[in-house]
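# Examination of the molecular architecture
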Amino acid sequence: MKKLIIGVVVTIVLVGGMLFALRNINFNRINTNHFYVQITEDGVKTEEKLSSGEIFVQYEYSLDAYNKKGDKQKLDFTAAKQLRKDAYLQLFVNDENTVKSYQEVKLEEIPEKAQLKLKK
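Note that this is a predicted model, so its numbers are computed, not measured. (Residues numbered from 1 in each chain as written. Predicted model: local features only at pLDDT ≥ 70, side-chain atom pairs only at ≥ 80, totals over all residues. Heavy atoms only, no water.)

## With respect to the packing of aromatic side chains
Scanning all chains against the criterion turns up two aromatic pairs. Relative to Phe77, the ring of Tyr61 has its centre 5.4 Å away and its plane inclined at 15 degrees; by these criteria the two rings are stacked. Of the two residues, Tyr61 sits in strand β3 (residues 55-66) while Phe77 sits in strand β4 (residues 72-79), which places them 16 residues apart along the sequence. No difference in accessibility class separates Tyr61 from Phe77, as the two residues are buried. Seen in terms of ring centroids, Phe77 and Tyr102 are 6.0 Å apart; in terms of plane orientation they differ by 50 degrees. Their pairing is tilted. With Phe77 in strand β4 and Tyr102 in strand β6 (residues 99-105), this residue pair connects regions lying 25 residues apart in the sequence. Phe77 gets classed as buried once you look at its relative accessible area, which sits at 6%. Judged by its relative accessible area of 26%, Tyr102 is partly exposed. Linked through ring pairs, Tyr61, Phe77 and Tyr102 together constitute an aromatic cluster. (Phe/Tyr/Trp six-rings, centres within 6.5 Å; stacked < 30°, edge-to-face > 60°. Helix = DSSP H or I, 4+ residues; strand = E, 2+ residues; numbered from the N terminus. Buried < 20%, exposed > 50% of the residue type's maximum accessible area, 1.4 Å probe, protein only.)

Take a look at the structure:
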């Protein structure tokens, strides 16, 4: 009976941990390089009609991005909505220079060398 109870408890803990991880961890950000950009212009709106007849809208951006060393790289990425002008973003970029994810950050959260390049 003890073994059964221990087995059930262990199973519940493992399943709970997996569900927590799936809900709270963005796996697109794992093993990526960080670049920083400032949104200076509106994205280019693109529409695609899905097979269901629904229209899928996204906004394309092509901006100069800087890593923590201040090295510049032109990066292209898309967003599901028009991003706020003058917002600072941290881009999560894989080894193929594909933007996998992004998040808005404050200027103070950006490494100093990248900050200097973005302020120009």
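## Section: the side chain of Asn67
Tracing the chain through its elements places Asn67 in the loop between β3 and β4. Since its relative accessible area comes to 16%, Asn67 is described here as buried. There is a polar contact of 2.9 Å between the side chain of Asn67 and the backbone nitrogen of Asp71. Apart from residues lying up to four places away in sequence, Asn67 is in contact with His34, Phe35 and Ala114. (Polar contact = N/O pair within 3.5 Å; in protein donor to acceptor, adjacent residues only side chain to side chain. Contact = heavy atoms within 4.5 Å.)

## Observations regarding the confidence of the model for the protein
Across the protein, the average pLDDT comes to 87, with 92% of residues at 70 or higher. The lowest-confidence element of the protein is helix α1 (residues 2-24), averaging 78 in pLDDT; the highest-confidence one is strand β5 (residues 88-93), averaging 94. (pLDDT = per-residue confidence, 0-100.)

## Observations regarding the pattern of salt bridges
For the structure on display, the rule yields four salt bridges. Residues Lys45 and Glu47 are paired through a salt bridge, measuring 3.6 Å at the closest nitrogen-oxygen approach. Classification of Lys45 as partly exposed rests on a relative accessible area of 48%. We classify Glu47 as exposed; its relative accessible area is 53%. (Salt bridge = Lys/Arg side-chain N within 4 Å of Asp/Glu carboxyl O.)

## Considerations on the nonpolar core
In terms of nonpolar packing, the biggest core is built from 15 residues, with Ile39, Tyr61, Leu75, Phe77, Leu83, Leu89 and Leu91 touching the most fellow members. Of all the elements in the fold, those that place two or more residues in this core are β1 (33-38), β3, β4 and β5. Sorting elements by how many residues they give to this core places β3 first, with four residues. Once you skip the residues sitting within four places of it in the chain, Ile39 turns out to touch Tyr61, Leu63, Phe77, Leu83, Arg84, Lys85, Asp86, Ala87 and Leu89. (Core = buried A, V, L, I, M, F, W, Y, C linked by side-chain atoms within 4.5 Å.)

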